[in-house]
Amino acid sequence: MKSFWLLFIFLISVETGFAQLQLEKQLTFAESLFVQEKYFDAITEAKRLSFFDITSQYSFRVNSLIAESYRQGGKFSEAVHYFTKAEIAANNVKELFKTKIEIIKINILRRAFYLVDHQLDDMGKDARFAADSSSLQYWRGWNYLFHDDWEKAVETLGKIDSAATLKNICEEVQKKKYSVSFAKGLSVVLPGAGQIYTGNYVSGVLSLGWNVLLGYLTVQAFSADRAFDGMAIGTLLWLRFYNGNLSNAEKFAVEKNELIKNETLDYLQKNYQGLKP
Amino acid sequence: MKIVWLILVFSFSLFAQTDWQRWQRTEINYSETVNDSKRSYSLHADDPFEFLLKTAAVTYWFFISDVDGDNCPFDPSCSSFFLESVKASNIIEGTLMFADRFTRDFNVLNRSDYRVTRKGRLADPPEKYLLTTVRSKVK
Amino acid sequence: MQTIFFLSLLSLFPSFLFSQDSALFTPEKRKAFADHLFCEKDYLRASEEYEGLQSVNKSDSLSYYIGLCFLKMNDYEKAKDYFSQLKNSSLGEESRLLFLKTSFLLNKNIEGESDSSSNQFMNKELKTSFRRLELAAQIKAGMDQTNPLSLNNHFEESDAQILKSFADKFSHPNSKSPFAAALFSTLLPGAGKIYTKNYGDGITSLIVTGLFTFLWYDNFRAGHPTRAWIFAGLTGFFYWGSVYGSYISARNYNLEKEEELNNEFQSYLSSKNYFIPTEIEGSCK
């Protein structure tokens, strides 16, 4: 009778082994679809695995795979949703840290600046991640960078030796950027000067021309005692072009800065070799 | 932890719609682009009349409109609206639509009837005012 | 006794082993997974699983669930096709009711869509649902023959009241005449816009046209013919713009009101699940 029971236990083990094997095979299948960039199908198969994985032993890997697939499809909300599930299923601190950073990377990409700031603060206070402070600092730098705060990005990245290249790029941007208030200030003093400062020469010269002409006509009208004409030209035309000159100086500086920011982000996305969101 | 689970469970159905259509890999861009309608300075035209109209509009934009600041709250601006209206209908209807738009431009108190675009302008496409309008364009 | 118990346990193993060997893709497991996806509102994946099963073993129940998936994904054309094929099947009554719903949601003429067998039901609850949805469709079509009595017979009193009010609005819409609006503005610039409740634009139109008319007259009187002609042109420009704008304003007013009413009716019906018992649209725990 004893041998019967031994056989029974053996069969139970075989049974469990088979089940394990099937789930493992399913995970490999889902991962192979991911590698082939068939993200939608990869999610289907990962969900199938999750459904039959009664003990949730694959929960972390499955949810991470689903989240990564959604990220590749640009579906950030869903990706964060599944990374959060993976975070809950994390088996150790290393997995937990990795998942939290993935969530932060997605939030940086979708420009949720304050949320990332808050999440990094929370991680900084967590004793389990005490050894990873430079990594947190690094992602904080990226967060500032996406938030268009290059000064803070330089300051933050400057604290990490390994981020010297990224810091230098941010410093370059800081130097290249135009001062919006300076551009506007120039145009207050000399119409068109702010536009010329931002490289919009034609617009600057045209603006100067209109302001000189209309200013002349206004002064001439007043000096010829044609006060009504002077008022009309001064308020309806000269003031309009003078205000246009100020708003253009500001608009051009903002647009140029936007261009510099986008060019840098584009460069970082395509050429930067280090870790990135 | 329980709260996190509850949020996860309740938020699940919100995401379900994402997968109601098959999707592919998407190129993620770090840079930001705002897709607002921009003026076309091209003089390309299908007939001489359109060419004349475009030349007049481009001249106006270059020498006056681009230099005198942001005075039109609408998208498209009044001059672009005129061009688009004439193109979508004919010179008479387009001119009448333009006259109506000009009057609405004077009414600084009524800005709530328009949808606001990402750049903060009031969406007012010509299609809404054509005699043969498409129903969906009205709102 | 112990041996019998052991042998009976042992006898279960071949089936266990067999099922695991054929992985997670046995029809039973696929069906269970598809039902799970359906309940998770992951309808496209669910429909793909049901379709996969359908290719192995065709069944009315699977077709019905595929139809439901498309219905839930608001793909009414596809849903309608599935329910249409099932009209005379074992799920015929449910399918006919959901076919009616998809036709309604597609804004199709329900009269033309139904045939003689459409309204034959054994299940009393489904028959009531069918009749209610038919009446709702008649209300939306603005049919004057929607009998208040039949509303009272088929609906609860509170619903009947609401539906009567909708029936009234659909059959007698509160619209504005574009021609009247244009005529009003011909007589007094901007009056047509005021008629369409576009008060601000109407008054602006009156002021602008009035101002240019005054400048035209004033310059003409003061002996400045060139300026007078320029202002005359501008007056005409704004005057005819106002006439045209008033016509369009009335037309747009009507379209907006119509859309508002449709949305209101749709959201009321949606809150009532189109009078369809929720159980027939797939039950999930």
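Residue positions are given per chain, counting from 1 as you read along its sequence in written order. Think of it this way: whatever chain is written first is A, whatever ligand is written first is 1, and the rest follow in order. Two thresholds apply to this predicted model, a pLDDT of at least 70 for residue-level local features and 80 or more for giving and counting side-chain atom pairs, whereas whole-chain, interface and lining totals are computed over all residues. Here the side-chain values reflect all heavy atoms present in the structure, with hydrogen atoms and water set aside.

This brings us to the sheet that holds strand 2 (residues 115-116) of chain B. Residue and element names in this part refer to chain B. Read from one edge of the open sheet, three strands run 1-3-2, paired in mixed fashion. Two strands in the sheet have a free side with no partner beyond their single neighbour: strand 1 (74-75) and strand 2. Where strand 2 meets strand 3 (residues 122-123), two bridges bridge the pair, whose relative direction is antiparallel. Within the sheet, the bridge partner assigned to Arg115 lies in strand 3 and is Ala123. Following DSSP output, two strands are said to pair if at least two bridges run between them. Helix and strand definitions follow DSSP, with helices as H or I runs of at least four residues and strands as E runs of at least two, each counted in order from the N terminus.

With that settled, consider the side chain of C:Thr204. Tracing the backbone through its elements, the reader meets C:Thr204 in helix 14 (residues 199-221). Note on exposure labels: buried denotes an accessible area under 20% of the residue type's maximum, exposed denotes more than 50%, and partly exposed covers the range between, all computed with a 1.4 Å probe on protein chains only. The class for C:Thr204 is buried, based on a relative accessible area of 11%. Beyond its immediate stretch of four places on either side in the chain, C:Thr204 contacts B:Thr103, B:Phe106 and B:Asn107. The contact definition used throughout considers only heavy atoms, calling two residues in contact when any of these lie within 4.5 Å.

A separate point is helix 11 (residues 157-171) of chain C. Residue and element names in this part refer to chain C. Multiply 1.5 Å by the residue count of a helix minus one, and that product is the helix's expected span. Counted at 1.5 Å a residue, the expected span for helix 11 with its 15 residues is 21 Å, and the 21 Å between its end C-alpha atoms agrees. Among all positions of helix 11, only Asp159, Ala160, Leu163, Phe166, Ala167 and Phe170 are buried. Burial along helix 11 is one-sided: seen end-on, the buried residues are contained in an arc of 125°. Of all possible arcs, the one meant is that of the directions from the helix axis to the C-beta atoms.

This next bit is on the environment of C:Ile203. By the secondary structure assignment, C:Ile203 is in helix 14. Linking C:Ile203 and C:Ala191, residues twelve residues apart in sequence, is a C-alpha distance of 7.9 Å.

Another point: the packing of helix 12 (residues 201-223) of chain A against helix 13 (residues 227-271) of chain A. Residue and element names in this part refer to chain A. To get an axis, fit a line to the C-alpha atoms, keeping to the stretch in contact for a helix; angles then go from 0 to 180 degrees between the N-to-C directions. Here helix 12 crosses helix 13 at 160°, and the two axes come no closer than 9 Å. Between helix 12 and helix 13, the crossing angle belongs to the class labelled roughly antiparallel. Helix 12 and helix 13 meet at a crossing whose hand is left-handed. For classification purposes, angles smaller than 35 degrees are called roughly parallel, those larger than 145 roughly antiparallel, those between 65 and 115 roughly perpendicular, and all remaining angles oblique. Here is the rule for handedness: rotate from the far helix to the near one, and if that takes an anticlockwise turn smaller than a right angle the crossing is left-handed, while a clockwise turn gives right-handed.

Opposite the 30 residues of chain C that make contact, chain B presents 30 residues. Summing the contributions of chain C and of chain B, the shared interface buries around 2600 Å²; its carbon and sulfur component is 60%. Put simply, buried area is how much 1.4 Å-probe accessible surface two parts lose in total, over both of them, once they are put together. Ranking the residues of chain C by area buried against chain B places C:Asp201, C:Phe237 and C:Tyr244 at the top, with a combined share of 22%. Within this document, salt bridges are pairs made up of a side-chain nitrogen of Lys or Arg and a carboxyl oxygen of Asp or Glu, the two lying within 4 Å of each other. The tally of links from chain C across to chain B stands at three salt bridges. In this structure, C:Arg45 and B:Asp19 form a salt bridge, with 2.6 Å as the shortest nitrogen-oxygen distance.

Before going further, it helps to spend a moment on the packing of aromatic side chains. Residue and element names in this part refer to chain C. For this analysis, a ring pair means two rings from Phe, Tyr or Trp (six-membered ring only for Trp) whose centres lie within 6.5 Å, classed as stacked if their planes differ by under 30 degrees, edge-to-face if by over 60, and tilted for the remaining angles. Going through the model one piece at a time under the given rule, you end up with 47 aromatic pairs over all chains. An angle of 70° between the planes, with centres 5.2 Å apart, marks the rings of Phe170 and Phe265 as edge-to-face. Of this pair, Phe170 sits in helix 11 while Phe265 sits in helix 15 (residues 225-271), placing them 95 residues apart in sequence. By relative accessible area, which is 14% here, Phe170 ends up buried.

The subject of this paragraph is helix 3 (residues 59-72) of chain A. Residue and element names in this part refer to chain A. Under the 1.5 Å per step criterion, the end-to-end length of helix 3 is 20 Å for 14 residues, consistent within 8% with the ideal 20 Å. Of all 14 residues that make up helix 3, twelve are buried, and the element is covered over most of its length. Residues of helix 3 that are buried include every one of Phe60, Val62, Asn63, Ser64, Leu65, Ile66, Ala67, Glu68, Ser69, Tyr70, Arg71 and Gln72, and no others. In the segment just after helix 3, Gly74 is the residue with positive phi, at about 75°.

All quantities given are derived from atomic positions and should not be read as evidence of function.
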